[in-house]
Every structure is written in structure tokens, then in C-alpha cells.
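Take a look at the letters that make up each chain.
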Amino acid sequence: MAAPYQTIEHTVEHEIEIRRSRFICALAPAATEEAARAFVAERRRLYADATHNCSAYVVGERVRRADDDGEPGGTAGTPMLEMLTRRGFADVAAVVTRYFGGVLLGAGGLARAYGGAVGETLDRAAVVEMVPAAVVTVSVGHAQAGRLESDLRASPYALRGVDYGSKVAFEVAVAEDRLPVFEEWIASITAGRADTVRGGTVHLAR
């Protein structure tokens with residue numbers, strides 16, 4: 001079963017200074033790896049004169065990437081990634097830009113700085129809880145379709161699409177813990193004349 005996770009609503013930026021080095025962290029929502037890569041590239045263009053632009057991102061349940069961008073191996077991107085995953089975040093890209101201040105921090109100091117920059121920025125982000133949801137197809141005859149579509153659009157359930165064929169099929173995303181209530185509601189408003197089929201799993205904002 002899919003697990004809930006947290007993501008962020010908007011891009012957020014925060015800067016810290018450690019022993020005269022500046023660490024500028026930016027986080028952005030990234031629902032795809034392409035979006036994450038584009039955000040990393042954008043930050044690198046914006047801060048092309050920086051000493052390092054280190055990055056990490058988590059997309060979905062499988063994609064996890066980290067880049068030290070010239071810092072000693074495992075001292076930048078990895079602690080950034082660990083901070084995201086330990087805090088339960090996904091669909092988030094992080095870039096920490098460093099302007100070297102002339103004082104070496106050592107491997108431990110670097111890891112604390114990069115991980116800490118991400119942690120402090122997460123503390124300032126607008127967090128969205130994402131919960132597992134089933135994609136349910138609700139099919140009715142054409143005579144009932146207009147009323148059902150109106151009811152669905154006015155409901156708290158996420159209408160994802162409508163397909164007009166021999167019947168009208170509505171694709172609805174329903175949080176897993178609300179499925180029994182949803183199915184009872186559909187049966188009630190259609191007088192039991194709707195067919196419902198559960199499909200795949202997605203995530204919805206709580």
C-alpha cells in the first residue's frame with residue numbers, strides 16, 4: 001500500500017552563514033524528475049559565480065538523487081538528501097549554493113552545514129500532507145450524467161476526468177480512508193444505478 005508523505009506548496013529560500021561561508025538553500029515542489037532537474041539547472045544559472053551549487057531531490061517513492069558539485073564526496077548532496085527523506089518529504093528539489101568564506105569546515109562541518117541548511121528551509125516552507133488515494137471510475141447512463149457531474153464538482157472529491165461513451169464514466173480520486181463513505185454517497189445520489197470500479201493509486205493533498 002502507498003504511504004503518505006509531505007511535500008511543499010511553494011518555492012522557498014533561506015540563507016545561513018557558517019564561519020564566513022554563505023549557504024543559500026532553495027526548495028521547490030517537483031512532481032517529476034524533469035521538473036527537479038530544471039530547478040537545479042535554474043539555480044546553477046542564477047548563481048553561476050558561486051563556489052558550489054549542491055543539489056538533492058526526491059520524486060515519488062523511487063527517484064532519489066544527490067550531487068556534491070565539487071565538494072568532498074558525501075559531504076553535501078548526501079546529507080541534503082538524508083534530511084529530505086528523514087523528514088518524510090518527497091516531490092521536492094533542494095539546491096544549496098555555497099560562497100566559500102575562506103575557512104575550511106571539514107567533512108563533518110560541511111555535512112552539518114548542507115543538511116542543516118535544508119532542515120532550516122523546510123521549517124520555513126508551507127507543508128502539504130499527501131495521502132494515498134484510489135482512482136475510482138463511476139459510470140452512469142447519459143440521463144444521470146449531468147446531475148452526477150454537478151454533484152461531483154461540488155463535492156470534496158477530486159474529479160480527474162469525464163469520458164462519454166455508451167455510458168458516461170467519471171474518474172475520481174478518493175482518499176483511501178474515505179472510500180466507504182464515497183461509495184455510499186455515490187449509491188445514494190444515483191439511486192444505486194452507478195457502477196464503480198477501483199483502479200490505481202495516486203496521492204492527494206489532505
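Cut-offs used in this document
Residues numbered from 1 in each chain as written. Predicted model: local features only at pLDDT ≥ 70, side-chain atom pairs only at ≥ 80, totals over all residues. Heavy atoms only, no water. Phe/Tyr/Trp six-rings, centres within 6.5 Å; stacked < 30°, edge-to-face > 60°. Helix = DSSP H or I, 4+ residues; strand = E, 2+ residues; numbered from the N terminus. Pairing = 2+ DSSP bridges. Axes fitted to C-alpha atoms, helices over the stretch in contact; angles between N-to-C directions. Salt bridge = Lys/Arg side-chain N within 4 Å of Asp/Glu carboxyl O. Buried < 20%, exposed > 50% of the residue type's maximum accessible area, 1.4 Å probe, protein only. UniProt positions renumbered as here; feature names shortened; annotations may be inferred. Domains from an automatic or database assignment.

Regarding the packing of aromatic side chains
Right, so step 1: Inspection of the entire model under this criterion finds five aromatic pairs.
Right, so step 2: Judged by centre distance (6.2 Å) and plane angle (45°), the ring pair of Phe182 and Trp185 falls under tilted. Note that Phe182 and Trp185 are positioned in helix α5 (residues 179–189) at a spacing of three residues, about one turn of the helix.
Right, so step 3: Grouped by ring-pair contacts, the aromatic residues Tyr157, Phe182 and Trp185 constitute a single cluster.

Quick word on the pairing of strand β8 (residues 158–164)
Right, so step 1: As paired elements, β8 and strand β9 (residues 168–175) share six bridges and run antiparallel to each other. Bridged to Gly161 within β9 is Glu171.

Considerations on the sheet that holds strand β3 (residues 21–29)
Right, so step 1: Strand order in the open sheet formed by five strands is β2-β3-β6-β4-β5, and the pairing between neighbours is antiparallel. Bordering the open sheet on either side are β2 (12–18) and β5 (63–67), each of which pairs with just one other strand. Taken over all neighbouring pairs, the strand axes of this sheet differ in orientation by 15° on average, direction set aside.
Right, so step 2: In this sheet, strand β6 (residues 92–99) lies alongside β3 in antiparallel orientation, the contact comprising eight bridges.

So, the pattern of salt bridges
Right, so step 1: Summed over all chains, the structure comprises twelve salt bridges.
Right, so step 2: A salt bridge links Arg37 to Glu33; its shortest N-O distance comes to 3.3 Å. Residue Arg37 and its partner Glu33 are located together in helix α1 (residues 33–46), separated by four residues, close to a single helical turn.
Right, so step 3: Salt-bridge contacts for Asp151 lead to Arg147; the nearest nitrogen and oxygen are separated by 3.0 Å. Of this pair, Asp151 and Arg147 both sit in helix α4 (residues 142–154), four residues apart, roughly one helical turn.
Right, so step 4: Taking the relative accessible area as the measure of exposure, Asp151 reaches 17% and is therefore buried.
Right, so step 5: Note on Arg147: relative accessible area 58%, which makes it exposed.

With respect to the UniProt feature "domain: UPF0029" (unreviewed entry) in the protein
Right, so step 1: Within this numbering scheme, the UniProt entry marks residues 138–193 as carrying the feature "domain: UPF0029" (unreviewed entry).
Right, so step 2: Along residues 138–193 the backbone is 43% helical and 32% strand, and the end-to-end C-alpha distance reaches 10 Å.

Considerations on the domain arrangement of the protein
Right, so step 1: The domain boundaries assigned to the protein delineate domain 1 (5–125) and domain 2 (129–205).
Right, so step 2: Spacing between the C-alpha centres of domain 1 and domain 2 amounts to 39 Å.

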